[in-house]
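Structural overview for review
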Amino acid sequence: MANQSGQLYGLTILSPIINNGSRSASQDLALRKHLSSLANGVHSPFARVAGTHFARLVVMNDVVFVGNPSKIDHLGSQYLIFTTDFDGDLDAYLRTMAQSIPAELDQIWKHCVGYPGAADAGKFADYMKKCQVETTFYFADVNDKTRDQTLKALQVKAELSAFVEENQGRPAAELQRAFQGLLTKINSTPPPAPGASRV
Amino acid sequence: MMPAIRCLLDGVWHAYPICIPGGDSVTNINGKAYAMNAITPMKWWKTPILKLIFLLAPLTGLADLKNLSFIHFARWVIIKRGQFPWLGGKQPRENLEYDYMIFFSNFNGTWNQYIDAFSAVLSDGLNLFWRWSEKFPGAVPVTAFKRYIALVQFDTDYYYNPYPYATTNDVKAAHRIQAALDDFAKTSAAMSAQDFEKAYRQFVIRVQNDLGALGPAPEGT
């Protein structure tokens, strides 16, 4: 299936943005303004949605005219594009989204046509699937590890790199004790928070 | 001369496009990853040909893409002119001349490095994917290619990256280290201190190419 690569799923959503000329602020600008102030890093709402690797939100105002002799096209609607790369199954992920960050989703998608709200996870999932477009070709460089496995592995890389540097030339018995300490530290320390700026 | 397009936001008229208040961050970039979006028009009858090429792509150009090792995730999405999501109600149905291909990439490095590398290393694969798009000039020479990408690219409004300090090479190295460490922890658990020291040296030699700090992203254009 073209949306998947290994255990990763590449979801692409195009949600039509409401075109209501009677409102004082156009929906696409209000949406852009909201997205520009949406928290990122560890405070990003997507950091709270389990299994989310990358995610992006893009307001697409129109298609592009590449020059003559091409014809000029214009979209009838503006679209909010949402792409995400996540672990596992689509239905489970959409329900997890709705249950984890319902208020944040409502603040974003309230500008879109037909959005039912995230309070009912089933309706939210149905809406998102109506807006889904099939990925034609999906590439995931690492497609057999979950987000949490990757965060843990990055922590191990950082810890081991520091350990090797700090323990050069140590006597054998000390080195062995220190190594046991490293393993204990790695096993007892939670992985870095998703979105954190450093390990 | 075209009249200026203006829009009302929070009770104030702005020239369009405007600088959104609070939008001082570069939203195409998050740590070591850059989010690219590019949309290109295609004549409808070319779409089946390109879809067939994508179907066969894993047998052709994917090895080069993996070996370049600077893309976390990428996707090509072809939307036929009648297949943009339509939710009914007052939403107008799209009436377009062309089908559209949208390319999304999460890559490491700068825009110029990315396009240069694509042009230099993957030009055959790129030409295979994009030659069906209107006015695509080819991936070589790079000047015309960059102009075309700049024309069809559109910006990301919000970009989330769960591990902004890591490139895709870092991710792959980290998983190799994790596997090697798990293995070494098991095999060295009951060793004497002297045997452990020897085994540890061998372990470090094995993983040394994957060690290194996960530092901040370089700056560039």
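Keep in mind the model is a prediction, meaning the values are calculated, not measured. (Residues numbered from 1 in each chain as written. Chains lettered and ligands numbered in written order. Predicted model: local features only at pLDDT ≥ 70, side-chain atom pairs only at ≥ 80, totals over all residues. Heavy atoms only, no water.)

Some remarks on the environment of A:M97
Residue and element names in this part refer to chain A. The cut-off we apply is this: In this text, helices come from DSSP runs of H or I with a minimum length of four residues, and strands from runs of E with a minimum of two, each type numbered from the N-terminal end. Relative accessibility thresholds used throughout: buried, under 20% of the residue-type maximum; exposed, over 50%; partly exposed, between the two (1.4 Å probe, protein chains only). Working rule for contacts: check all heavy atoms of both residues, and any pair within 4.5 Å makes them a contact.
Position of M97 among the secondary structure elements: in helix α2 (residues 90-100). Taking the relative accessible area as the measure of exposure, M97 reaches 0% and is therefore buried. C-alpha separation for the pair M97 and T135, spaced 38 residues apart in sequence, amounts to 20 Å. With sequence-adjacent residues up to four places away left out, M97 is seen in contact with F46, V49, F82, P102, L105 and F124.

Concerning the confidence of the model for chain B
Residues and elements named next belong to chain B. The condition that has to hold: The quantity called pLDDT is the predictor's confidence in a given residue, expressed from 0 to 100.
Averaged over every residue, the pLDDT of chain B is 86; the share at 70 or more is 85%. Below a pLDDT of 50 lies the segment residues 1-24, which in the model reaches 36 contacts outside its immediate sequence neighbourhood of four places, other chains included. Confidence estimates for the predicted assembly give a pTM of 0.90 and an ipTM of 0.96.

As for the interface of chain A and chain B
Condition: Using a 1.4 Å probe, buried area is obtained as the accessible area two parts lose upon being combined, added over both of them. Should a side-chain nitrogen of Lys or Arg be within 4 Å of a carboxyl oxygen of Asp or Glu, the pair is scored as a salt bridge. Side-chain atoms alone can form a polar contact between residues adjacent in sequence; in general such a contact is a pair of N or O atoms within 3.5 Å, and within protein one must be able to donate a hydrogen while the other accepts it. Just so you know the grouping, Ala, Val, Leu, Ile, Met, Phe, Trp, Tyr, Cys and Pro go in nonpolar, Asp, Glu, Lys and Arg go in charged, and all remaining residues, Gly too, go in polar. DSSP-based pairing: two strands are paired if at least 2 bridges between them are found.
The partner chain B presents 94 residues to the 98 residues of chain A that form the contact. In total, about 8,200 Å² of surface goes out of reach between chain A and chain B, with carbon and sulfur atoms giving 65% of it. The largest share of the area that chain A buries against chain B comes from A:F54, A:R56 and A:F137, three residues that together contribute 11% of it. The tally of links from chain A across to chain B stands at 5 salt bridges. Here B:R75 makes a salt bridge to A:D85, at a shortest N to O gap of 2.8 Å. If you look at where chain A meets chain B, you find 38 residue pairs in polar contact (both at pLDDT 80 or more). With 14 residues, helix α5 (residues 147-166) of chain A is the single largest residue contributor to the side of chain A that touches chain B. In the side of chain A that touches chain B, the residues fall into 55 nonpolar, 27 polar and 16 charged. Pairing of strand β3 (residues 52-60) of chain A with strand β7 (residues 158-160) of chain B involves 3 bridges; the strand directions are antiparallel. Considered in β7(B), the bridge of A:L57 is made with B:Y158.

Concerning the packing of helix α3 (residues 111-121) of chain B against helix α5 (residues 142-152) of chain B
Residue and element names in this part refer to chain B. To keep it simple, the criterion reads: Axis angles are defined between N-to-C directions and span 0 to 180 degrees, where every axis is a line fitted to C-alpha atoms and, for a helix, only to the segment in contact. For classification, angles of less than 35 degrees are called roughly parallel, those exceeding 145 degrees roughly antiparallel, those between 65 and 115 degrees roughly perpendicular, and all remaining angles oblique. A clockwise turn of the near helix away from the far one marks a right-handed crossing, whereas an anticlockwise turn of less than a right angle marks a left-handed crossing.
Two elements in contact, α3 and α5, have axes separated by 10 Å at closest approach and are oriented at 125°. Classed by the angle they form, the pair α3 and α5 counts as oblique. Two packed elements cross with a definite hand, and for α3 against α5 that hand is right-handed. Between α3 and α5, the residues in contact are W111, N112, I115, D116 and S119 and V142, F145, K146, I149 and A150, respectively. Among the residues forming the contact of α3 with α5, the class breakdown is 6 nonpolar, 2 polar and 2 charged.

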